[in-house]
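Coordinate analysis (summary)
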Amino acid sequence: MIRLKNVSKTYPGNIVGLQNVNLHIRPGEFVSVVGQSGTGKTTLVKLLISEERPTSGQIVIGGWDISSVRSSEVPLLRRQIGVVFQDFKLLPKKTVYENVAFALEVAGVRSSRIRAIVPQALKIVGLTDKADRFPRQVSGGEQQRVVIARSLVHRPKIIVADEPTGNLDSINTWEIIDLLRRINGFGTTVMLVTHNREVVNSLQRRVITIDRGLVVSDVEEGKYVL
Amino acid sequence: MKLSFPMRIVRFGVQDFFRNFWLSAATVSVLTLTVISINALVLMNVLGKIAVTVVESKIDASVHFRQDVDESRVKTVRVALLSLPEVKEVEYVPPEEALQRFRNANGEGSELVESLEEIEGNPFGATLVIRAHDTSGYAAVMHTLNQPLFAGLIEEKDFSDYDAMVSRLNAITGKLEVFLLAVTCAFGAIALMIVMNAVRVSVYTHREEISIMRLVGASNWFIRGPFYVEAFIWTLLSVGMTVLILFPSLAFAQPFLQRFFGSGSVDLVSFYAVNLLPLVGLQAAGVAFMTLVTTKLATARYLRV
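Residues numbered from 1 in each chain as written. Chains lettered and ligands numbered in written order. Predicted model: local features only at pLDDT ≥ 70, side-chain atom pairs only at ≥ 80, totals over all residues.

**Comments concerning the overall build of chain B**
Within chain B, the regular secondary structure consists of 12 helices and 4 strands. Counting the 305 residues in chain B, one finds 27% classified as buried. (Helix = DSSP H or I, 4+ residues; strand = E, 2+ residues; numbered from the N terminus. Buried ≥ 20, exposed ≤ 12 C-beta atoms within 10 Å, placed from the backbone.)

As structure tokens, this is what we get:
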């Protein structure tokens with residue numbers, strides 16, 4: 001599903017983001033990526049959604065080499081990867097429903113299709129009854145669930161969640177992790193980037209540890225070992 | 001591509017226009033000023049041509065013959081002048097009519113007319129009033145009249161320096177046109193900067209929305225499109241405002257211009273009404289080209305899609 005071959009990313013000023021990373025994530029896997037702040041986890045996410053280009057190496061997603069993807073192809077790539085961020089990135093002046101629908105509107109999906117898909121996505125994340133509320137009228141956990149619903153509407157094969165529980169209390173954290181697990185259960189590959197030791201340990205899934213831009217460990221049913 | 005896709009781009013563009021209402025208003029105002037100054041340039045051109053035509057139509061040259069020159073010889077000169085291609089018409093004024101015209105021009109009872117009474121009899125000879133097709137034609141008339149055959153018959157020639165007058169008029173309108181062109185260019189440059197800045201502010205205002213659009217896979221066209229729609233709305237409004245301002249202004253100025261140039265010689269309202277479509281169409285196309293190109297530059301620079 002995702003394959004990185006000798007991928008390096010160096011920022012101006014010779015700042016190393018990633019060094020010679022080799023990874024293979026299979027379809028349907030649930031992978032946690034851990035590491036301290038500034039070690040290259042977010043660089044990895046940015047490379048996967050083509051927000052950054054690798055300095056060297058090759059990134060292949062679903063057979064598509066995105067290492068030198070054209071800017072006109074980036075939107076197509078992003079519709080195939082659902083992205084969830086710590087800071088939600090919701091539009092405050094749109095309701096929960098409208099925020100989820102927005103992802104389909106900008107992709108040119110017909111209104112009748114939008115009316116069919118959005119309620120399904122809201123049902124999966126358990127927000128059907130809060131569809132008409134604005135982001136400020138729902139809790140942090142619910143806001144993150146809106147983001148997950150939004151990331152699901154294109155039926156992506158991969159979901160990349162970058163610190164999705166970073167702003168949440170423990171109850172909401174577990175709700176989000178459960179939701180990601182359920183989504184993974186549907187066959188969607190999930191890459192969870194996190195600092196949360198408890199979450200990683202409880203998942204008992206593959207753990208990739210990054211330190212100073214290098215993959216220092218990659219263990220099936222691993223633990224948070226930093 | 002579905003029909004709803006372009007409609008959504010239009011909807012987002014209209015929303016952007018109203019969300020940045022005051023910025024939009026400022027942009028439309030400057031664009032309107034630019035279009036008005038372009039129209040002033042067009043009007044100046046039209047008025048300049050009318051002024052030259054009016055002045056040229058009033059130009060004539062009078063040749064006063066000696067009293068002892070009989071009518072048949074004057075008419076020979078008239079035929080000679082009419083044979084010149086530069087001459088449009090030659091009017092023969094007999095001595096009696098010349099006297100009457102003098103009386104009419106100076107008013108009965110005036111000192112000049114009274115002094116004529118004392119002379120007793122008609123001091124005027126016959127007169128030829130010559131009109132050329134244009135002011136440059138009077139040189140040929142002068143040349144003919146200066147021939148020895150005719151020169152001895154003539155008492156006086158009244159050739160005002162009409163060429164200089166027309167040249168001065170052309171110079172004034174020419175300078176005015178250059179001035180208006182400079183004003184138009186200045187407004188155009190200001191409009192370009194305002195449009196550029198308006199797009200920049202609009203990008204800044206929508207930075208959150210744009211980043212989310214990118215994140216969820218909006219195409220580059222979908223992100224750029226609303227800015228073009230906004231630029232198109234600015235164009236339509238500025239040209240529309242110009243038409244709304246121009247027609248009442250022309251109707252207001254019309255009586256003054258007609259008094260100045262002579263009634264019937266100037267009808268700018270009709271000129272605009274007849275040429276409305278090509279004039280407005282050309283200006284709208286010009287402003288649209290300017291705003292759309294500027295928007296393309298601004299989005300390329302600030303939007304980074």
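Back to the write-up after that little detour.
**Remarks on the overall build of chain A**
Across its full length, chain A holds 7 helices and 10 strands. Counting only residues that meet the buried cut, chain A has 45% of its 226 residues in that class.

**A few points about the interface of chain A and chain B**
Taken together, the contacts link 18 residues of chain A with 17 residues of chain B. For the side of chain A that touches chain B, the secondary structure elements donating two or more residues are helix H2 (74-80) and helix H3 (96-105) of chain A. Taken together, the residues of the side of chain A that touches chain B sort by class into 7 nonpolar, 5 polar and 6 charged. (Contact = placed C-beta atoms within 7 Å. Nonpolar A, V, L, I, M, F, W, Y, C, P; charged D, E, K, R; others polar.)

**Some points on the sheet that holds strand E1 (residues 61-65) of chain B**
Across a sheet, paired strands are connected by hydrogen bonds in the backbone, their directions being either parallel or antiparallel. All names here are of chain B. Sheet architecture is open: 4 strands sit in the order E2-E3-E1-E4, paired in antiparallel fashion. Looking at strand neighbours, the two that pair on one side only are strand E2 (87-93) and strand E4 (154-158), the edges of this open sheet. Averaged over neighbouring strand pairs, the angle between their axes works out to 15° when direction is ignored. As defined by bridge partners, E2 adjoins strand E3 (residues 127-132) across 6 bridges and the pair is classed as antiparallel. (Pairing = 2+ DSSP bridges. Axes fitted to C-alpha atoms, helices over the stretch in contact; angles between N-to-C directions.)

**With respect to the nonpolar core**
Ranked by internal contacts, the top residues of the largest apolar core, which has 100 residues, are Val33, Val100, Val118, Ala121, Ala149, Val160 and Met191 of chain A. Looking at this core element by element, the count peaks at 9 residues for helix H10 (residues 220-261) of chain B. Discounting chain neighbours no more than four positions away, the residues touching Met191 of chain A are Ile25, Val31, Val33, Ile158 and Val160 of chain A. In this structure, Ala61, Ala98, Tyr138 and Leu145 of chain B belong to the second largest nonpolar core, which totals 18 residues. (Core = buried A, V, L, I, M, F, W, Y, C linked by C-beta atoms within 7 Å.)

**As for the pairing of E3 of chain B**
Looking at chain direction, E1 of chain B and E3 of chain B are connected through 4 bridges and run antiparallel. From the neighbouring strand, Val63 of chain B faces E3 of chain B, where its bridge partner is Leu128 of chain B.

**A word on the sheet that holds strand E4 (residues 56-61) of chain A**
All names here are of chain A. Strand order in the open sheet made by the 4 strands is E2-E1-E4-E5, with antiparallel pairing throughout. Looking at which strands have only one partner, the edges of the open sheet turn out to be strand E2 (15-25) and strand E5 (64-65). Summarising the sheet, E4 and E5 pair through 2 bridges and their orientation is antiparallel. Pairing of Val60 across the sheet is with Asp65, part of E5. Each of strand E1 (2-11), E2 and E4 is contacted by helix H1 (residues 41-48), which is oriented at about 115° to E1, the strand it contacts most.

**Quick notes on helix H6 (residues 170-185) of chain A**
Residue and element names in this part refer to chain A. The first and last C-alpha atoms of H6 sit 22 Å apart over 16 residues, in line with the 22 Å expected at 1.5 Å per residue. Considered for burial, the residues of H6 that qualify are Thr173, Glu175, Ile176, Ile177, Leu179, Leu180 and Ile183. Buried positions along H6 lie against helix H4 (111-125), helix H5 (140-152), strand E7 (158-162), strand E8 (189-194) and helix H7 (197-203). Downstream of H6 by a residue or two, Gly187 has a phi angle that is positive, lying close to 110°. (Expected span 1.5 Å × (residues − 1).)

**A closer look at the environment of Leu116 of chain B**
All names here are of chain B. Mapping Leu116 onto the fold places it in helix H5 (residues 111-119). Its 18 C-beta neighbours within 10 Å are what place Leu116 among the partly exposed residues. Along the backbone, Leu116 and Leu99 are 17 residues apart, and their C-alpha atoms lie at a distance of 9.4 Å.

**Considerations on the confidence of the model for chain B**
Taken over all residues, the pLDDT of chain B has a mean of 84, while the share at 70 or more is 96%. For this predicted complex, the interface score ipTM comes out at 0.81, alongside a pTM of 0.68. (pLDDT = per-residue confidence, 0-100.)

**With respect to H5 of chain A**
All names here are of chain A. The end-to-end C-alpha separation of H5 is 19 Å, in line with the 18 Å expected for 13 residues at 1.5 Å each. Along H5, the residues that are buried comprise Gln143, Gln144, Arg145, Val146, Val147, Ile148, Ala149, Arg150, Ser151 and Leu152. On its buried face, H5 sits against strand E6 (81-85), H3, H4, E7 and H6.

**Focus: the packing of H4 of chain A against H5 of chain A**
Residues and elements named next belong to chain A. Relative to each other, H4 and H5 sit at 135°, their axes nearing to 9 Å. Judged by the inter-axis angle, H4 sits oblique to H5. With respect to the hand of their crossing, H4 and H5 are arranged in right-handed fashion. The segment H4 lies against H5, with Ala121, Leu122, Ile124 and Val125 engaging Arg145, Ile148, Ala149 and Leu152. (Parallel < 35°, antiparallel > 145°, perpendicular 65-115°, else oblique. Left-handed = near helix turned anticlockwise from the far one by under 90°.)

**Structural notes on the packing of helix H2 (residues 21-58) of chain B against helix H12 (residues 276-302) of chain B**
Residue and element names in this part refer to chain B. Close contact between H2 and H12 brings their axes to 11 Å; oriented N to C, the two are set at 135°. The angle between the axes of H2 and H12 places the two elements in the oblique class. The crossing of H2 and H12 is right-handed. Residues Leu31, Val35, Ile38 and Val42 of H2 pack against Leu279, Gln283 and Val287 of H12. When the residues that make up the contact of H2 with H12 are grouped by side-chain class, the tally is 6 nonpolar, 1 polar and no charged.

**Remarks on unusual backbone geometry**
Residues and elements named next belong to chain A. Phi angles above zero are rare outside glycine, and Ser50 is one such case at about 60°. Here Ser50 is to be found in the loop between H1 and E4. A residue is classified by how many C-beta atoms lie within 10 Å of it, and Ser50, with 22 of them, is buried. You will see that Glu163, though not glycine, has its phi angle at about 50°, which is positive. If you trace the backbone, Glu163 turns up in the loop between E7 and H6.

**Overview of the environment of Ala182 of chain B**
Summarising the element assignment, Ala182 of chain B is placed in helix H8 (residues 162-205). Put simply, Ala182 of chain B and Ser37 of chain B are 145 residues apart on the chain and 9.7 Å apart in space, counted from C-alpha to C-alpha.

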